[in-house]
Amino acid sequence: MTKRNHNFSAIALLITALTLIVAVGCRRDFEELEPADFPQNPLIFIDGFSEGLEYAAFGSSKVTAFEVDEDISYKGNASMRFEVPDAGDPAGAFAGGVFFTEVGRDLTEYDALTFWARASKAATIDRIGFGNDLDQSVYETFINGIDVNTNWKKYIVPIPDASKLTQERGMLYYVEGPEDGKGYTFWIDEVQYEKLGTIAHSKPSILEQQDQTVTAETGDDLPIGGTFAFFNLPTGIDQRVEMAPSYFDYTSSSTSVASVSAAGIVSVIDSGTTTVTATLAGTDALGSLTIQASGAALVPVTPAPTPTQSQDSVISLYSNAYTDVTVDTWNTRWQGSTADNFDIQIDGDDVRQYKKLNFVGIEFTSQTINASQMTHFHMDVWTPDPTALPAEFKVLLVDFGANNVFEGGDDSSHEMTFTSPTITTESWFSIDVPLSSFSGLVNRSNLAQLVLSGTLPNVFIDNVYFYKSGSVVGGATPAAAAPTPTRNAADVISVFSDAYSDVAGTDFNPDWGQETVVSEVAIDGNNTLLYSGLNFQGTQLDGSLDVSSMTHLHLDFWTANSNMLNVFLISTGPTETPVALNVPTSGWGSIDIPLSNFAPVDPTDLIQFKFDGNGDIYLDNIYFYKEDNTGGGNEPTVAAPTPMRAAGDVISIFSDAYMNLDGSNLNPDWGQGTVVTEVSVGGNNTLLYTGLNFQGLELASSTDITSMTHLHLDVWTANSDMLNTFLISTGPIETPFALTVPTSGWSSVDIPLTNFAPVDLADLIQFKFDGNGDIYLDNIYFYKEGNTGGGDEPTVGAPMPGYDAADVIAVFSDSYPGIAGTNLNPDWGQATAVSEVMVDGNNTLLYAGLNYQGTELGASQDVSSMGFLHLDFWTANSTELRVFIISTGPVETPYSLTVPTSGNWTSIDIPLSEFDPVDLKDVFQLKVEGDGDIYLDNILFRK
């Protein structure tokens, strides 16, 4: 077995309690596969792993939970050992993963997965099954609640219909969390598929054995859920087995009203009535779905009740009654989600509608929410769907932990399930839950995601907010002074602080027409600024201030009742840029903002500060300072981005996300002066080259990477001004590629391997880096882009962007909210045929027969704070392609792209300076001209 510590995204795992992820990877169209012979190997672990088996850990799980144990076994010399972590273990919240094969196996000759198991104590394993293949998991099967103790016992997971498993890749998976907060160990041995011949009397069911009746409209897609069966085991026990809907064969009594896919999705075609029933391997299933299709939409006729909480005690995500905080997206369109969302009005009240809802992610990651002072979560919901049991509606809250970083090792979440009578049909119902009920949320100060799921495919929501019950929060004051600064005075330019000499002549309350009441108060003997009832407030410096020698703005702030707060630096022009602060605070909030975040403000000509927002704000220690980047003291505070590429497309040299090549020497003795260490950054193993002159990396043996297309690496440096990377083949033959340094945060680089010619990619032996400064490196791997077969359309989606939403203005991308009102196909007389197509589940623009094509933004955009135009493009037949940014005038400048793209997606970041003299503060159109058929995605401006 190849053991790889894949750590797939935890998002889908969070959707429902212990629901398996849908992992990244190439999709398979099972209906289009040609018949083929697949191995009938039934063995998984018999004193060792069968050929071709690989392992992938679930995201947020303890990646090291699984090991082979050569001391304890049921039979032979080894077993599979699983270490379940304690609650709160920073290495992972639970144990879970998948054992899979790249080549499917034919399991049609067997009727059960069997294994022996024991544990270090009496416990109940949450889930064990098969059919999760890290792709579509068409035939996922599992049993819940496996009781184990300190004695070995044989367990049986019946195969619901073996005739379906002609090419199954998902051999085994498990999920188990701590019990009563404590971890333990369990072992599994003698894992195999068998033909027992004694499994009998299947009793299949859909919809949890319910005969349900639903109303629907034309175009609705209704998923069949609650699919399971009881099987009588050789022990005499009737075992309940959960299974994917794809095992069943479905019948619609009126196919003109609705049809049913092999995956159990009922598609409503026309008005009328039909009943959907199912069979499993020829046995009739209990449960049915009667659909009364009206052909018309069912919507609320009255708005949701108007909230009565005071604005001062509310943090609102969505409500006409309050001022809402920033929500990055109301539909993340995570892989596996089928939800569509719409904005409608009910009697003048704004309402959000979700159709085809299985789960939907809602994100506010660019400005996470501090709900530590709030007591409750509220949401109003309306659904036309039946809500009698087993119908349910689920709400999941996710926080990014104290470090405010996704998968930073301290994320937490909790999901609450609501059933009848709380949820009702065709009437508004309110979810009003104490935040203490979300007991799995460890830290409510950095809430970042809300996930809705359940069995109601059509819902309308309104008045989504957190609130504090009881008295209004306003009027509270900090109990202690802000922290005393410790920076050297020589490295500081202070505006307001008792710890330093402030610049003279500053006016802290200029008359700008603001409503804010400004005062200086003493907090624990420390002079502190208080902005009461803030709408906006300026600070006027005495003349122009040059802070270009500084690197950061520092300030301490405290508020109990604000839900929006921005700070601006302003230079002559005026030119100003805001940075959003997280409010309300739990105690004093200390923030250090890189001055580059305020670009294009001129740091040599600073004249003013400004704050805008609401509530009562306490401020102290407002000063600029410089970091010393020359002594190697600077270091990244967050880990490099987690790679998302499928392991089968990767040859990894150094990365926690993949199984690395064995035997690589990370520090060969080449006479270099570089000091090499492995350090932990955000819980992630990272290479550090201190005082780089040059540094080699020797592979254990010659490696053939001709099947790969790119070298990827993540780089971080604060003090390097030269950095080259080399690939070296036998000869030696070597070619450098220059990297851009210093970096602002982690820089992810994808270098086409053609850039290293004439290096022999079939005979790679070494890497080399040369340059200067202190360099942090991670995720050094080769990968192959899909669709290299020279077809006329892409078969995989464009790469997912990894930029922070706060650093992006998106025109077209599933990954970010776009500019409202953008017209992707204005009538400019062009011959181009424009359409939106799905490529591997990703919305993609297709320009067929391009001559030229425009895009009109919903409003003029100021992109002067951005650094690049990013876009992904794919073409098999274009010979010329140019992209334009257009400002009012019109003023436009083209940038030529290299085409065709050799059957791969090309990702490009074009410096906005290339479009000069376009006015970046007044961009209102984009244009593409050329020829051929062009696929475009992830069109966005980024910092």
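Residues numbered from 1 in each chain as written. Predicted model: local features only at pLDDT ≥ 70, side-chain atom pairs only at ≥ 80, totals over all residues. Heavy atoms only, no water.

**Describing the overall build of the chain**
At step 1: Check the secondary structure of the chain and you find one helix and 63 strands.
At step 2: Computed over C-alpha atoms, the radius of gyration of the chain comes to 30 Å, within 12% of the 30 Å expected from 2.2 N^0.38 for 943 residues, which places it in the range of a compact globule.
At step 3: In terms of overall dimensions, the chain has a C-alpha envelope of 90 × 80 × 70 Å along the principal axes.
At step 4: Of all 943 residues assigned to the chain, the portion counted as buried reaches 53%.
At step 5: Contacts in the chain between residues far apart in sequence, at least 24 positions, make up 76% of those at least 6 positions apart.
At step 6: Put simply, the chain shows about 37400 Å² of open surface, and 47% of that area lies on carbon and sulfur atoms.
At step 7: On the chain, the mean spot of the 37 positive side-chain charges and the mean spot of the 122 negative ones are 8 Å from each other. (Helix = DSSP H or I, 4+ residues; strand = E, 2+ residues; numbered from the N terminus. Rg over C-alpha atoms; globule rule 2.2 N^0.38 Å. Buried < 20%, exposed > 50% of the residue type's maximum accessible area, 1.4 Å probe, protein only. Contact = heavy atoms within 4.5 Å. Areas by Shrake-Rupley, 256 points an atom, 1.4 Å probe, with all protein chains shown as cover. Lys, Arg positive; Asp, Glu negative; His and termini not counted. Charge placed at Lys NZ, Arg CZ, Asp CG, Glu CD.)

**Structural notes on empty space enclosed by the protein**
At step 1: The tally for this structure, following the rule as stated, stands at six cavities of 30 Å³ or more.
At step 2: A volume near 90 Å³ is recorded for the second largest cavity.
At step 3: Along the wall of the second largest cavity there are 13 residues; nearest its centre are Thr-855, Leu-926, Val-928, Leu-936 and Ile-939.
At step 4: Elements with a minimum of two residues in the lining of the second largest cavity: β57 (852-861), β58 (868-874), β62 (923-930) and β63 (934-942).
At step 5: Examining the composition of the lining of the second largest cavity, we find that three residues originate from one element, β62, more than from any other.
At step 6: Here the residues of the lining of the second largest cavity sort into 10 nonpolar, two polar and one charged. (1 Å grid on protein atoms, 1.4 Å probe; cavity = no way out; pocket = protein on both sides within 12 Å on 5 of 7 lines; lining within 4 Å. Points joined across faces, edges and corners; volume = space filled by probe spheres on them. Nonpolar A, V, L, I, M, F, W, Y, C, P; charged D, E, K, R; others polar.)

**Quick notes on the sheet that holds strand β52 (residues 764-771)**
At step 1: Strand order in the open sheet made by the four strands is β47-β52-β49-β50, with antiparallel pairing throughout. Each having just a single partner strand, β47 (694-703) and β50 (733-739) make up the two edges of the open sheet. Recorded for the sheet is a direction-independent mean angle of 15° between the axes of neighbouring strands.
At step 2: As paired strands, strand β49 (residues 723-729) and β52 are joined by seven bridges and run antiparallel to one another. What sits directly across from Asn-724, in β52, is Asp-770. (Pairing = 2+ DSSP bridges. Axes fitted to C-alpha atoms, helices over the stretch in contact; angles between N-to-C directions.)

**A closer look at the pairing of strand β5 (residues 79-83)**
At step 1: Two strands pair when backbone bridges link them, and strand β4 (residues 66-69) and β5 are joined in this way by four bridges, in the antiparallel orientation. Bridge pairing in β5 places Val-68 opposite Met-80.
At step 2: Pairing analysis gives four bridges linking β5 to strand β12 (residues 185-194), with the strands arranged antiparallel. Paired with Arg-81 across the bridge in β12 is Trp-187.

**Concerning the environment of Tyr-803**
At step 1: Take Tyr-803: it is sitting in the loop between β53 (775-783) and β54 (808-812).
At step 2: Here the alpha-carbon distance between Tyr-803 and Gln-239, two residues 564 residues apart in the chain, equals 47 Å.
At step 3: When near neighbours in sequence (up to four residues on either side) are disregarded, Tyr-803 contacts Val-808, Tyr-816, His-870, Asp-909, Leu-940 and Arg-942.
At step 4: Here Arg-942 takes part through its side chain, which lies 3.2 Å from a polar atom of the side chain of Tyr-803. (Polar contact = N/O pair within 3.5 Å; in protein donor to acceptor, adjacent residues only side chain to side chain.)

**A few points about the packing of aromatic side chains**
At step 1: Applying the stated rule across the entire model yields 41 aromatic pairs.
At step 2: An angle of 50° between the planes, with centres 6.4 Å apart, marks the rings of Tyr-895 and Phe-915 as tilted. Of this pair, Tyr-895 sits in strand β60 (residues 891-897) while Phe-915 sits in the loop between β61 (906-911) and β62, and the two are 20 residues apart along the sequence.
At step 3: Judged by its relative accessible area of 0%, Phe-915 is buried.
At step 4: Among the aromatic side chains, those forming a connected cluster through ring pairs are Phe-45, Phe-49, Tyr-55, Phe-66, Phe-82, Phe-99, Tyr-174, Tyr-184 and Phe-186.
At step 5: A cation sits over an aromatic face here: Arg-118 above Trp-187, 4.8 Å from the ring centre. (Phe/Tyr/Trp six-rings, centres within 6.5 Å; stacked < 30°, edge-to-face > 60°. Lys NZ or Arg CZ within 6 Å of the ring centre and 35° of its normal.)

**With respect to the sheet that holds strand β37 (residues 536-545)**
At step 1: With antiparallel pairing, the four strands of this open sheet are ordered in space as β37-β42-β39-β40. The sheet is open, and its two borders are formed by β37 and β40 (575-581), each paired with just one other strand. Averaged over all neighbouring strand pairs, the angle between strand axes comes to 15°, with direction disregarded.
At step 2: Relative to strand β42 (residues 606-613), strand β39 (residues 565-571) is paired through seven bridges, and the arrangement is antiparallel. Paired with Asn-566 across the strands is Asp-612, a residue of β42.

**Notes on the pattern of salt bridges**
At step 1: Overall, the coordinates contain 20 salt bridges when judged by the stated rule.
At step 2: A salt bridge links Arg-81 to Asp-69, with the nearest nitrogen and oxygen atoms 3.1 Å apart. With a gap of 12 residues between them, Arg-81 in strand β5 and Asp-69 in strand β4 connect regions that are remote in the sequence.
At step 3: Take Arg-81: its relative accessible area is 21%, and that puts it in the partly exposed class.
At step 4: When its relative accessible area of 4% is taken as the criterion, Asp-69 is described as buried.
At step 5: Measuring nitrogen to oxygen at the nearest pair gives 3.1 Å for the salt bridge that ties Arg-240 to Glu-208. (Salt bridge = Lys/Arg side-chain N within 4 Å of Asp/Glu carboxyl O.)

**What to know about the confidence of the model for the chain**
Parts of the model with low pLDDT should not have their predicted coordinates read in detail.
At step 1: In the predicted model, the chain carries a mean pLDDT of 86, and the fraction of residues at 70 or more is 94%.
At step 2: For the chain, the element scoring lowest by mean pLDDT is helix α1 (residues 11-15), at 32; β12 scores highest, at 97.
At step 3: With pLDDT under 50 throughout, residues 470-475 is counted as low confidence; its partners more than four residues away or in other chains account for 11 contacts.
At step 4: Counted against residues more than four places away or in other chains, residues 628-633, with its pLDDT under 50, gives six contacts. (pLDDT = per-residue confidence, 0-100.)

**A short note on the environment of Phe-45**
At step 1: Locating Phe-45 in the fold gives a position in strand β2 (residues 43-45).
At step 2: Linking Phe-45 and Phe-737, residues 692 residues apart in sequence, is a C-alpha distance of 45 Å.
At step 3: Sequence-distant contacts of Phe-45, that is, excluding residues within four places in its chain, are made with Val-68, Ala-78, Ser-79, Met-80, Asp-189, Glu-190 and Val-191.

**Considerations on the environment of Phe-58**
At step 1: Assignment of secondary structure puts Phe-58 in the loop between β3 (53-57) and β4.
At step 2: Between the alpha carbons of Phe-58 and Val-175 there is a distance of 8.9 Å; along the sequence they are 117 residues apart.

**Description of unusual backbone geometry**
At step 1: Here the residue pair Leu-389 and Pro-390 is connected by a cis peptide bond, since its omega of 15° sits within 30 degrees of zero.
At step 2: Structurally, Pro-390 can be placed in the loop between β28 (376-382) and β29 (393-399).
At step 3: Here the phi dihedral of Arg-333 falls at roughly 55°; this positive angle occurs in a residue that is not glycine.

**Examining the side chain of Arg-942**
At step 1: Position of Arg-942 relative to the elements: it lies in strand β63.
At step 2: Accessibility expressed as a relative area gives 15% for Arg-942, which makes it buried.

**Considering the pairing of β60**
At step 1: In terms of strand pairing, strand β59 (residues 881-887) meets β60 through seven bridges, oriented antiparallel. The partner of Arg-882 across the bridge, within β60, is Ser-896.
At step 2: Taking the residues between adjacent antiparallel strands as the criterion, β59 and β60 are bridged by three residues, where Gly-889 takes a positive phi near 155°.

**Here's the deal with the nonpolar core**
At step 1: Ranked by size, the top nonpolar core spans 71 residues in total, and within it Met-80, Phe-99, Tyr-174 and Ile-291 carry the most contacts.
At step 2: No other element matches strand β7 (residues 112-119), which puts five residues into this core.
At step 3: The contact partners of Tyr-174, leaving out residues within four places of it in the chain, are Tyr-55, Phe-58, Ala-65, Phe-66, Phe-82, Ala-95, Gly-96, Gly-97, Phe-99, Arg-127, Ile-128 and Phe-186.
At step 4: Among the nonpolar cores identified, the runner-up in size contains 39 residues, and Val-381, Leu-447, Val-459 and Ile-461 belong to it. (Core = buried A, V, L, I, M, F, W, Y, C linked by side-chain atoms within 4.5 Å.)

**What to know about the side chain of Thr-387**
At step 1: One can find Thr-387 in the loop between β28 and β29.
At step 2: Polar side-chain contacts of Thr-387 include one of 3.4 Å to the backbone oxygen of Ile-423.
At step 3: The contact partners of Thr-387, leaving out residues within four places of it in the chain, are Ser-420, Ile-423, Thr-424, Thr-425 and Leu-456.

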